[in-house]
Amino acid sequence: MTTDDHALLPALEARVREAAHARTPACPGGAVTLADRPDATVVRHAGTVAKAHAADADPAELSSRVTVAAGLPGVLLPPLGPAPVALHGRLVTYWPYGTPVDPEDPDAAPWEAAAALLARLHRTPAPTAVPPMRGPAKAALAVAGLREAAPGHPDAAPVLAAWAALPGWARGEAAMPDTTTLCHGDLHLGQLVRHPAPDGPWLLIDVDDLGTGVPAWDLARPAAWYACGLLPPEEWHRFLAAYRAGGGPAVPADGDPWPALDVPARALTAQTAARALTKAVLAGRPLDEVERSLVGACARMASVRPAGPRAGAETSPQ
């Protein structure tokens, strides 16, 4: 950890306090750390949130992503400032606080809201030029981490085989077949908040991976969870039906969605399995039941060739 890393958190707390007091001079309480990871440090003071992005974040690309968020109210949480600012070697953005999804109440998960927001995002032309969506690149980083941490682990083989069978675009090695559709890039329930807090409408947050690309990638995580048996069928079908009702272009309006979802769902399954296995190896523990189900899904995927984006038979990795 560098000197800048040690200095970042207290400096970020001071900055978010200043920003919060500029908006609401009498706001009570102190700063609360919401996340402190290598790729993001997030601090809240009252109704203001400051996020220090990954050290390798590109200033121009992050600025364009923040600009998109500012131009899509009602879909993405709007930033409090027009551009990132530098702090101890990191780029920092400021956002209003929103109430997150309650992880202790899975029955209240806003699947329909998430799907409707995605459909709106995918149907909206980008208000400014943006780089490619970063989903495949992040998946590639997870697999590279597995290769480094557990090259000889017996459970790594099916994960790496499932990854190797994917087309180059899904592994971040080639251009995506869609270069115009605006995508979130890392959709999961942690990327939604209610704003204004506590019970305003749901909005998407986290623009780090936002960009143009294959919209099915944004449906791929819940699709993969469903295919692996980790998401109940009724919740998956609620999500899919809401996306279709919103006119989302990632899947056909009716019929089998899996020809469009197959490759992204396989990629997200391999990514999630790679991360899970890496964490288990580094912690020196065996895989738990969920992690083993992910590795098992990768093993099953190896026996069926990935489908094309809009053609092929039902190929869910169930």
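Right above here is the structure, for reference.
Summary of the structure given here. (Residues numbered from 1 in each chain as written. Predicted model: local features only at pLDDT ≥ 70, side-chain atom pairs only at ≥ 80, totals over all residues. Heavy atoms only, no water.)

### Some thoughts on the sheet that holds strand S6 (residues 99-100)
Then step 1. Spatially, the three strands line up as an open sheet ordered S6-S8-S9, and their pairing is antiparallel. Since the sheet does not close on itself, it has two edges, and those belong to S6 and strand S9 (202-204), each with one partner.
Then step 2. Two elements, S6 and strand S8 (residues 192-194), share two bridges in a ladder whose sense is antiparallel. Among the inter-strand pairings, Pro100 is bridged to a residue of S8, identified as Val193.
Then step 3. Across the sheet, helix H3 (residues 111-123) touches S8 and S9, and the angle it forms with S9 is around 50°. (Pairing = 2+ DSSP bridges. Helix = DSSP H or I, 4+ residues; strand = E, 2+ residues; numbered from the N terminus. Contact = heavy atoms within 4.5 Å. Axes fitted to C-alpha atoms, helices over the stretch in contact; angles between N-to-C directions.)

### Some words on helix H2 (residues 59-70)
Then step 1. Compared with an ideal rise of 1.5 Å per residue, which puts 12 residues at 16 Å, H2 spans 16 Å between its outermost C-alpha atoms and is within 8% of the ideal.
Then step 2. Listing the buried residues of H2 in full gives Leu62, Ser64, Arg65, Val66, Val68 and Ala69.
Then step 3. Buried positions along H2 lie against strand S3 (48-53), strand S5 (90-96) and strand S7 (182-183). (Expected span 1.5 Å × (residues − 1). Buried < 20%, exposed > 50% of the residue type's maximum accessible area, 1.4 Å probe, protein only.)

### Considering the pairing of strand S1 (residues 32-37)
Then step 1. Looking at chain direction, S1 and strand S2 (residues 40-45) are connected through five bridges and run antiparallel. Bridge pairing in S2 links Arg37 to Ala40.
Then step 2. Between the end of S1 and the start of S2, which pair antiparallel, lie two residues.

### A few points about a negative patch on the surface
Then step 1. A cluster of acidic residues, Asp102, Glu104, Asp105 and Asp107, forms a negative patch on the protein surface.
Then step 2. The topology assignment puts Asp102 in the loop between S6 and H3. (Patch = residues over 30% accessible without salt bridge, like charges linked within 9 Å, V, L, I, M, F, W, Y side chains within 5 Å. Areas by Shrake-Rupley, 256 points an atom, 1.4 Å probe, with all protein chains shown as cover. Salt bridge = Lys/Arg side-chain N within 4 Å of Asp/Glu carboxyl O. Lys, Arg positive; Asp, Glu negative; His and termini not counted. Charge placed at Lys NZ, Arg CZ, Asp CG, Glu CD.)

### Some thoughts on the environment of Ala119
Then step 1. Along the polypeptide, Ala119 turns up in helix H3.
Then step 2. Its relative accessible area of 0% is what places Ala119 among the buried residues.
Then step 3. Once the C-alpha coordinates of Ala119 and Gly247 are considered, the two residues, 128 residues apart in sequence, prove to be 6.1 Å apart.
Then step 4. Setting aside anything within four residues of it in sequence, one finds Ala119 in contact with Tyr243, Gly246 and Gly248.

### Side note on the sheet that holds S2
Then step 1. Pairing is antiparallel across the open sheet formed by five strands, whose spatial order is S1-S2-S3-S5-S4. For this open sheet the edge positions go to S1 and strand S4 (85-87), each flanked by a neighbour on one side alone. On average, each strand axis in the sheet is inclined to that of its neighbour by 25°, with strand direction left out of account.
Then step 2. Relative to the sheet, H2 contacts S3 and S5, its axis offset from that of S5 by approximately 5°.

### A short note on the environment of Ala161
Then step 1. Position of Ala161 relative to the elements: it lies in helix H5 (residues 156-164).
Then step 2. Given a relative accessible area of 37%, Ala161 falls into the partly exposed group.
Then step 3. When the C-alpha atoms of Ala161 and Arg221 are compared, they prove to be 19 Å apart, with 60 residues separating the residues in sequence.

### A few points about the nonpolar core
Then step 1. In terms of nonpolar packing, the biggest core is built from 82 residues, with Leu76 and Leu204 touching the most fellow members.
Then step 2. Among the elements that line this core, the one with the most residues is helix H8 (residues 258-283), at 13 residues.
Then step 3. If we skip the residues at most four places from it in the chain, Leu204 touches Val75, Leu76, Leu77, Leu117, Leu118, Leu121, His184, Leu187, Gln191 and Leu192.
Then step 4. By size, the runner-up hydrophobic cluster in this structure holds 10 residues, among which are Ala11, Ala50, Ala52 and Tyr94. (Core = buried A, V, L, I, M, F, W, Y, C linked by side-chain atoms within 4.5 Å.)

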